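# Secondary and tertiary structure notes
The residues making up each chain are set out below.
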Amino acid sequence: MSIAVRQVTKRFDNGFVAVDNVSLAIAGGSLTALLGPSGSGKSTLLRIIAGLETPDQGEVSILGQDVTGIAPQKREVGFVFQHYAAFKHMTVRDNVGFGLKIRKREKADIRAKVDELLELVQLSSFADRYPGQLSGGQRQRMALARALAVEPKVLLLDEPFGALDARVRKELRAWLRRLHDEVHVTTVLVTHDQEEAMDVADRVTVMNDGRVEQSGKPRDLYEHPANEFVMSFVGPVNRLGEEWIRPHDLELRLEPNGTTSEAMVQRIVHLGFEVRVELVLDDGRHVSAQVTRGEVEELELLEGQIIYVRPSRTTVFSGTAMPQGLR
Amino acid sequence: MRSGNAPRYGLRVIALGYLLLLLALPFGAIVYYTFQDGVQPVLDALTDESFIAALKLTLIAVLIAVPANTIFGVACAMALVRHPPRRGTWFINSLIGLPLALSPVVVGLALILVYGQDGWFGTWLVENGIEVIFSTPGIVLATIFVTLPFVVREVIPVLREVGTDQDEAAWTLGASRFQTFFRITLPAIRWGVAYGVVLTMARALGEYGAVAVVSGRLAGKTETLTLHVDEEYLRFNEVAAYTTSLVLAALAVATLVLMNVFKPKEYKEVADVDRRPPGHQAV
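Residues numbered from 1 in each chain as written. Chains lettered and ligands numbered in written order. Predicted model: local features only at pLDDT ≥ 70, side-chain atom pairs only at ≥ 80, totals over all residues.

### Focus on the overall build of chain A
- Across its full length, chain A carries 9 helices and 18 strands.
- Structurally, chain A occupies a C-alpha span of about 80 × 45 × 35 Å along its principal axes.
- Put simply, chain A has 327 residues, and 42% of those count as buried.
- Contacts spanning at least 24 positions in sequence make up 64% of the contacts within chain A whose residues lie at least 6 apart. (Helix = DSSP H or I, 4+ residues; strand = E, 2+ residues; numbered from the N terminus. Buried ≥ 20, exposed ≤ 12 C-beta atoms within 10 Å, placed from the backbone. Contact = placed C-beta atoms within 7 Å.)

In structure tokens form, the structure reads like this:
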């Protein structure tokens, strides 16, 4: 295991328990996402791994070495912050070379290494600019190069794309995935965006209220969520009584067949290939179905129309409830 | 059109008129009267022994008070922002602000009560042959006292604004706390520090009240430039008074110019970038 967190607890001065007895193992060379809502403790856990916060209890080890009491300076981790933490008074080149300069490497070596990294993050032509002259996406790529320059044992990214607009975020996400395939450094990414986590990570750990809810491959989390929280956090979901249904698991028909429920089409939202159909069941509950454009055209759906729905697949948690229909 | 421009010109006239009447005119008058009898009396005043002594004393006070309050100010601001005490911050803040609210005359008197011959430390100081009041140390102390708040007050908001991200980034890159302070924190807050230093310097050069109380006003010994202006003016040596005033003004201007000389280039360039049309930046 590249990073091992054992029974770590962190309580802040105001009594808030940010991380509550968390254990976590992160495999070498993987790209793991810590996913959770704000206040779930994911950033605090990342900062504990980096040594920027001290846990009240528990241990952290990196590449088999216990680093619990070790200062961040000596942990050899790369850390990337949401708001870039660019050294504003230094050029891009000096920012990237900072860690090497602190390590007193030869000037020529630093220059060569920085050039190589600037190439990697596609900022070669910006070497002599100041961070203030870069866009947000460029600043974050610079921060990534700066973290990679010291050849860290692990790379820790704290909501790295959180301050960027949606388009840039998607581009950088794809770029980060390619970069990881090239560099192969063990990476932990903190995010509250389930799409981002599912998109870039090999493994996802879902956190809530300072605890780990579930860890696994993105697909396993989606297909076999351990509980209601994970089910609703990793994708959209309808809840009908004890049953949880993904919007794409709702079948729409024009005629009843005995197992279906009556519903009124309230709104049809076109999202490109996908169409979201918002429905009101005859008992007044709202559900949404996700279908393709083709299906909508085939059914000739119109807003206000009465149709019949049936879940093709449902999930029931904790086994206490009886399976039931939509009513 | 006319009604649209009227407020703009109106405001300009008021602003410029105000500056002219209250700043430019009196200052111009000093320049005029300094040189009314030609250059020779000015040179005489500048080479006068008591003037040179006053200039020296003022520079000594500035050169001690400014570094002392800069180091204290930055350290104090770091402590208050980065490691705020659980309680009593308001008390520390009020204490730091005290010299701004207190009349300088009171500051002078307070110093006499503590360091004067009959003061708390008076006996001990006399026994050890140390002169504070009516001597250079007293003037330096008074100057430090009245200029204490400026650096702290300027640096605290800047430190808050800068945050801790850059420092933490430097730590993870291997920089010690010492290296981080000098390579990251200090450059990040240098504008707050510089502005605080300029204010401290200006106040230290111009302080009159507190210094007047503790100095004893021995010409050529415990007279600063401001006291020298007053002294010469009362003795009807007007040219000497005006000349000294001009020297004080020149020192103040030099302070401001120095600050601009040290202004690093990335600030100017950043301003240029910000002026580009929106949507012009690449990903």
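### Re the interface of chain A and chain B
- If you look at the interface, chain A gives 27 residues, while chain B gives 22 residues.
- A per-class count over the side of chain A that touches chain B returns 13 nonpolar, 10 polar and 4 charged. (Nonpolar A, V, L, I, M, F, W, Y, C, P; charged D, E, K, R; others polar.)

### Focus: the nonpolar core
- Core analysis: the largest hydrophobic core is formed by 80 residues, its most contacted members being A:I49, A:M142, A:A143, A:A145, A:L156 and A:V188.
- Element by element, the count of residues in this core is highest for helix α4 (residues 136-149) of chain A, at 7 residues.
- Discounting residues that sit within four places of it in the chain, A:A143 has contacts with A:V80, A:F81, A:Y84, A:A85 and A:A86.
- B:I112, B:L141, B:V146 and B:V214 belong to the second largest nonpolar core, which has 48 residues in total. (Core = buried A, V, L, I, M, F, W, Y, C linked by C-beta atoms within 7 Å.)

### A closer look at the domain arrangement of chain B
Residues and elements named next belong to chain B.
- On domain assignment, one finds that chain B holds domain 1 (1-34) and domain 2 (39-280).
- Inter-centroid distance (C-alpha atoms) of domain 1 to domain 2 is 31 Å.
- Taken together, the contact between domain 1 and domain 2 spans 4 residues of the former and 7 residues of the latter.
- Its residues placed into classes, the side of domain 1 that touches domain 2 shows 3 nonpolar, 1 polar and no charged. (Domains from an automatic or database assignment.)

### Some points on the sheet that holds strand β9 (residues 203-208) of chain A
Residues and elements named next belong to chain A.
- The strand order across the open sheet built from 6 strands is β6-β7-β8-β3-β9-β10, with neighbouring strands paired in mixed fashion. Edge strands, defined here as strands with exactly one partner in the open sheet, are β6 (77-80) and β10 (211-216). Across this sheet, the average inter-strand angle for adjacent strands is 15°, counted without regard to direction. (Pairing = 2+ DSSP bridges. Axes fitted to C-alpha atoms, helices over the stretch in contact; angles between N-to-C directions.)

### Notes on helix α7 (residues 136-147) of chain B
Residue and element names in this part refer to chain B.
- In this model, α7 (12 residues) spans 17 Å end to end at C-alpha, consistent with the 16 Å of a helix rising 1.5 Å per residue.
- Among the 12 residues in α7, 10 count as buried, and that is most of the element.
- Of all the residues in α7, the buried ones are G138, I139, V140, L141, A142, T143, I144, F145, V146 and T147.
- Summarising the contacts, the buried residues of α7 are in contact with α3 (49-82), α4 (89-101), α5 (104-115), α8 (149-162), α10 (177-206) and α11 (209-215). (Expected span 1.5 Å × (residues − 1).)

### Some words on the environment of B:E161
- Positionally, B:E161 belongs in helix α8.
- On a C-alpha basis, the gap between B:E161 and B:V126 in space is 48 Å, while along the polypeptide they are 35 residues apart.

### Looking at the packing of α7(B) against α10(B)
Residue and element names in this part refer to chain B.
- Interhelical geometry of α7 versus α10 gives an angle of 135° and a closest axis separation of 9 Å. Judged by the angle between their axes, α7 and α10 are oblique. Judged by the twist between their axes, the crossing of α7 over α10 is right-handed. Of the residues in α10, those in contact with T143, V146 and T147 of α7 are T200, R203 and A204.
- Here the contact of α7 with α10 is composed, by residue class, of 2 nonpolar, 3 polar and 1 charged. (Parallel < 35°, antiparallel > 145°, perpendicular 65-115°, else oblique. Left-handed = near helix turned anticlockwise from the far one by under 90°.)

### Quick notes on the confidence of the model for chain A
- Predicted confidence across chain A gives a mean pLDDT of 92, with 97% of residues reaching 70 or more.
- Confidence drops under a pLDDT of 50 for residues 320-327 of chain A, and excluding neighbours within four residues, the segment shows 11 contacts in the predicted structure. (pLDDT = per-residue confidence, 0-100.)

### Describing helix α9 (residues 165-172) of chain B
- Across the 8 residues of α9(B), 6 count as buried, placing the element largely inside the fold.
- If you follow the buried residues of α9(B), they end up packed against α1 (42-50) and β6 of chain A together with α8 and α10 of chain B.
- Backbone geometry just after α9(B) places B:G174 at a positive phi near 105°.

### Focus on the sheet that holds strand β18 (residues 315-316) of chain A
- Strand order in the open sheet formed by 3 strands is β11-β12-β18 (chain A), with antiparallel pairing between adjacent strands. In this open sheet, the two edge strands, each paired with only one partner strand, are β11 (238-240) and β18 of chain A.

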